[in-house]
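# Secondary and tertiary structure notes
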Amino acid sequence: MSPLFLGIETSCDETAAAVVAEGRSICSNVVFSQVPMHERYGGVVPELAAREHVSRLLPVVDEALRQAGVGLSELTGIGVTFGPGLIGSLMVGVETAKGLAFGAGLPLFGIHHLRAHLFANLLESDLDPPMLCLLVSGGHTELVLWKAYGVYQRLGSTRDDAAGELLDKVARALELPYPGGPQLERLAALGDPRRFAFPRALLDEPGFDFSFSGLKTAVLRALVHGAPAADVAAACQAAVVDVLVEKTRRAVAQTGEQLVAIGGDVAANGLLRQRLEEAAQVDGFRLHFPPTALCTDNGAMVAAATFDAWQRGCSASLTLTAAADLPIESAG
Ligand code: KG4
Ligand code: ZN
């Protein structure tokens, strides 16, 4: 029988579990989104997120096993995201996975959340590292060179806000509902991106770090001065996308890596997709976007990363603990 892993993901506001065969083939992928609960607060409330994971996780795991048509005893092992993320949320996933693994006598694997986003590119595909990865979510903006299985090099990351976080904050200032990224994209479609020349930070510096706090200040200042919302949204989105695409192109040029993969929910953004596709044509690199359902936080990407951890013999003990901060190079 092919190796079968359960992946559990609770690092932020999605309660998710999935069963994946041989790291590639999705048998089930159940995601319970807490967005409606956090919407009224305009963002994720960590304490509420953790409590919701407590009540939702076991039913989500049961449903993932049911849809896959397997029992715990048929699994090869259990993987769980143990960082980075919201500490209370992570702890719910980690402690639950430990209990399940101990009870069923299965090996346990601690999975790095950003590595899991990279593994989303392998699901239902025939891709393998090496590849250059742009990770863009509400919590992270990073360029990572995935050199080989188990070998990651972070080329750069944001020094302040993540790209999705910036879009969410600007959307909130525009009184758009949470999560703001998709709402801002809709509003931007009605505006003129050339109306404002918002800053594109760190493009005049070598290296691959990002900074979006200056852009946030400039956008909020424009709004205070009564600038039209749609034009501000369009110009803000254009500035974020410009920086993400330009840094990615430079990383391709510097590393020579010809395959570029994307992770995180900001990958759903139409302008980012279009501009990356244009860059891929001009510069001659290959581009891979996972389907949108696999860009958002999910258990399938965790299960895929678990297959790799199992192949490399990187199991965790029952002393595994959640870690809010965890550099991508540091896990097993
Ligand atoms: O990967 P994700 O679901 O969660 C983590 O942060 O890990 O990413 C959520 C982020 C939010 O900031 C949301 O506003 C953003 O992704 N997002 C988008 C779009 N869809 C979601 N940003 C821009 N355009 C979109 N279409
Ligand atoms: Zn994520």
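These figures come from a predicted structure and were not determined experimentally.

## Considerations on the sheet that holds strand S5 (residues 108-112)
Backbone-to-backbone hydrogen bonds pair the strands of a sheet. The strands run either parallel or antiparallel. Strand order in the open sheet formed by 5 strands is S3-S2-S1-S4-S5, and the pairing between neighbours is mixed. The sheet is open, and its two borders are formed by strand S3 (25-33) and S5, each paired with just one other strand. Taking each pair of neighbouring strands and ignoring which way they run, the sheet shows an average axis angle of 20°. Where strand S4 (residues 77-83) meets S5, 5 bridges bridge the pair, whose relative direction is parallel. What sits directly across from Gly79, in S5, is Phe109. Against the sheet, helix H3 (residues 87-104) makes contact with strand S1 (4-9), S4 and S5, and its axis sits at roughly 160° relative to S4, the strand it touches most. Across the sheet, helix H11 (residues 299-311) touches S1, strand S2 (14-21), S3, S4 and S5, and the angle it forms with S1 is around 130°.

## Structural notes on the side chain of Glu9
Mapped onto the elements of the fold, Glu9 is located in strand S1. No salt bridge is formed by the buried Glu9; its nearest oppositely charged neighbour, Arg115, is found at 13 Å. Within polar-contact distance, the side chain of Glu9 engages the side chain of Ser11 at 2.6 Å. Within the structure, Glu9 has its side chain in polar contact with the side chain of His113 (distance 3.0 Å). Contact partners of Glu9, with chain neighbours within four places excluded, come to Glu14, Thr15, Ala16, Thr81, His113, Asp297, Asn298, Gly299, Met301 and Val302.

## Quick look at the coordination of the zinc ion (ligand 2)
Only His113 (NE2), His117 (NE2) and Asp297 (OD) from the protein coordinate the zinc ion (ligand 2), and they sit 2.1 Å from it. Considering all 4 donor atoms around the zinc ion (ligand 2), angles at the metal cover 91 to 144° and the coordination shape is irregular.

## Here's the deal with the packing of aromatic side chains
Throughout the structure, instances matching the rule amount to 10 aromatic pairs. Seen from their ring centres, Phe5 and Phe109 are 5.9 Å apart, and the 85° between their planes marks the pair as edge-to-face. Taken together, the residues span a long stretch of sequence, with Phe5 in strand S1 and Phe109 in strand S5 at a distance of 104 residues. Taken together, Phe5, Phe109, Phe307 and Trp310 form an aromatic cluster joined through their ring pairs. The lysine or arginine in question, Arg273, covers the ring of Phe289, its NZ or CZ lying 4.2 Å from the ring centre.

## Focus: the packing of helix H7 (residues 213-224) against helix H8 (residues 229-255)
Following both chains from N to C, one finds H7 and H8 inclined at 170°, their axes separated by 11 Å at the closest point. What the angle tells us is that H7 and H8 run roughly antiparallel. Taking contact as the criterion, the partners of Leu215, Val219, Ala222 and Leu223 in H7 are, on H8, Val232, Cys236, Ala239 and Val240.

## Considering the domain arrangement of the protein chain
Under the domain assignment, the protein chain is made up of domain 1 (4-120 + 294-311) and domain 2 (131-290). Look at where the C-alpha atoms of domain 1 and domain 2 centre, and you get two points 27 Å apart. Overall, the association of domain 1 and domain 2 removes approximately 1700 Å² of surface from exposure, summing both partners, and the carbon and sulfur fraction of that is 68%. If you sort the residues of domain 1 by the area they bury against domain 2, Leu114, Leu118 and Cys295 come out on top, with a joint share of 38%. In this structure, the connection of domain 1 to domain 2 is made through 0 salt bridges. Here domain 1 and domain 2 share 3 residue pairs in polar contact (both at pLDDT 80 or more) between them. Among the elements that line the side of domain 1 that touches domain 2, the one with the most residues is helix H4 (residues 113-119), at 5 residues. Partitioning the side of domain 1 that touches domain 2 into residue classes produces 9 nonpolar, 5 polar and 5 charged.

## Looking at the site of ligand 1
In the vicinity of ligand 1, 19 residues are found, and the nearest of them are Gly138, Asp168, Gly181, Glu185 and Asp265. One of the backbone N or O atoms of Gly164 is found 3.2 Å from an oxygen atom in ligand 1. For ligand 1, the accessible surface in isolation is 550 Å², of which the surrounding protein chains cover 91%. Looking at the shell around ligand 1, its residues break down into 6 nonpolar, 9 polar and 4 charged. Here the shell around ligand 1 gathers at least three residues from each of two domains, domain 1 (4-120 + 294-311) and domain 2 (131-290).

Quick notes on the rules
Residues numbered from 1 in each chain as written. Chains lettered and ligands numbered in written order. Predicted model: local features only at pLDDT ≥ 70, side-chain atom pairs only at ≥ 80, totals over all residues. Heavy atoms only, no water. Pairing = 2+ DSSP bridges. Helix = DSSP H or I, 4+ residues; strand = E, 2+ residues; numbered from the N terminus. Axes fitted to C-alpha atoms, helices over the stretch in contact; angles between N-to-C directions. Contact = heavy atoms within 4.5 Å. Buried < 20%, exposed > 50% of the residue type's maximum accessible area, 1.4 Å probe, protein only. Lys, Arg positive; Asp, Glu negative; His and termini not counted. Salt bridge = Lys/Arg side-chain N within 4 Å of Asp/Glu carboxyl O. Polar contact = N/O pair within 3.5 Å; in protein donor to acceptor, adjacent residues only side chain to side chain. Donors = N, O, S within 2.8 Å, 3.2 Å for Na, K, Ca; no water. Tetrahedral: all angles 85-135°; square planar, octahedral: opposite > 155°, others 65-115°. Phe/Tyr/Trp six-rings, centres within 6.5 Å; stacked < 30°, edge-to-face > 60°. Lys NZ or Arg CZ within 6 Å of the ring centre and 35° of its normal. Parallel < 35°, antiparallel > 145°, perpendicular 65-115°, else oblique. Domains from an automatic or database assignment. Buried area = accessible area lost by both parts, 1.4 Å probe. Nonpolar A, V, L, I, M, F, W, Y, C, P; charged D, E, K, R; others polar. Near = heavy atom within 4 Å. Areas by Shrake-Rupley, 256 points an atom, 1.4 Å probe, with all protein chains shown as cover.

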